[in-house]
Amino acid sequence: MKTLLVVLFGLIGGYVFGIVLSEIVGIVSFLLFDRPVGIKYFPFVLAALCAVVGVVAVRRRTGSAK
C-alpha cells in the first residue's frame, strides 16, 4: 500500500514538475532565441522517473531492497 502511494505521488508530482520545468525552458528560450523551444513528452518522462526514484528510495530506506 505504501509503495502504491509513493508511485501515485511520484507520478503526480513528477508530471506537475515536468510541466513547470518545460514552461520555464520555453520562456527562457523565447527570451534568448526569440522562439519557444520545448522538450516533447518531458512531463511524462519526468513523472515516470520520479515514480521509479520514489520506489527505490522507499525500498532502500526500509531495507527491503536485496
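Note: the structure precedes this text.
Residues numbered from 1 in each chain as written. Predicted model: local features only at pLDDT ≥ 70, side-chain atom pairs only at ≥ 80, totals over all residues. Heavy atoms only, no water.

Undergrad: What am I meant to see in the packing of aromatic side chains here?
TA: Within the structure shown, the criterion is met by two aromatic pairs. The interplanar angle of 45° and the centroid separation of 5.5 Å between the aromatic rings of Tyr 15 and Phe 44 together place this pair among those described as tilted. Of the two residues, Tyr 15 is situated in helix α1 (residues 2-33) and Phe 44 in helix α2 (residues 42-62); the sequence distance between them amounts to 29 residues. Overall, the relative accessible area of 34% leaves Tyr 15 in the partly exposed class. In this structure Phe 44 comes out as exposed when scored by relative accessible area, which is 52%. Members of the aromatic cluster, connected to one another through ring pairs, are Tyr 15, Tyr 41 and Phe 44. (Phe/Tyr/Trp six-rings, centres within 6.5 Å; stacked < 30°, edge-to-face > 60°. Helix = DSSP H or I, 4+ residues; strand = E, 2+ residues; numbered from the N terminus. Buried < 20%, exposed > 50% of the residue type's maximum accessible area, 1.4 Å probe, protein only.)

Undergrad: I tried to follow the side chain of Ser 29 on my own but got confused; where do I start?
TA: Its location among the elements puts Ser 29 in helix α1. In this view, Ser 29 contacts Asp 34, Arg 35, Pro 36 and Val 37; residues no more than four positions away in its chain are not counted. (Contact = heavy atoms within 4.5 Å.)

Undergrad: Please explain the side chain of Ser 22 as it appears in this structure.
TA: Relative to the helices and strands, Ser 22 is located in helix α1. Overall, Ser 22 belongs to the buried group, its relative accessible area being 19%.

Honestly, that's just the spatial picture; any functional story needs more than this.
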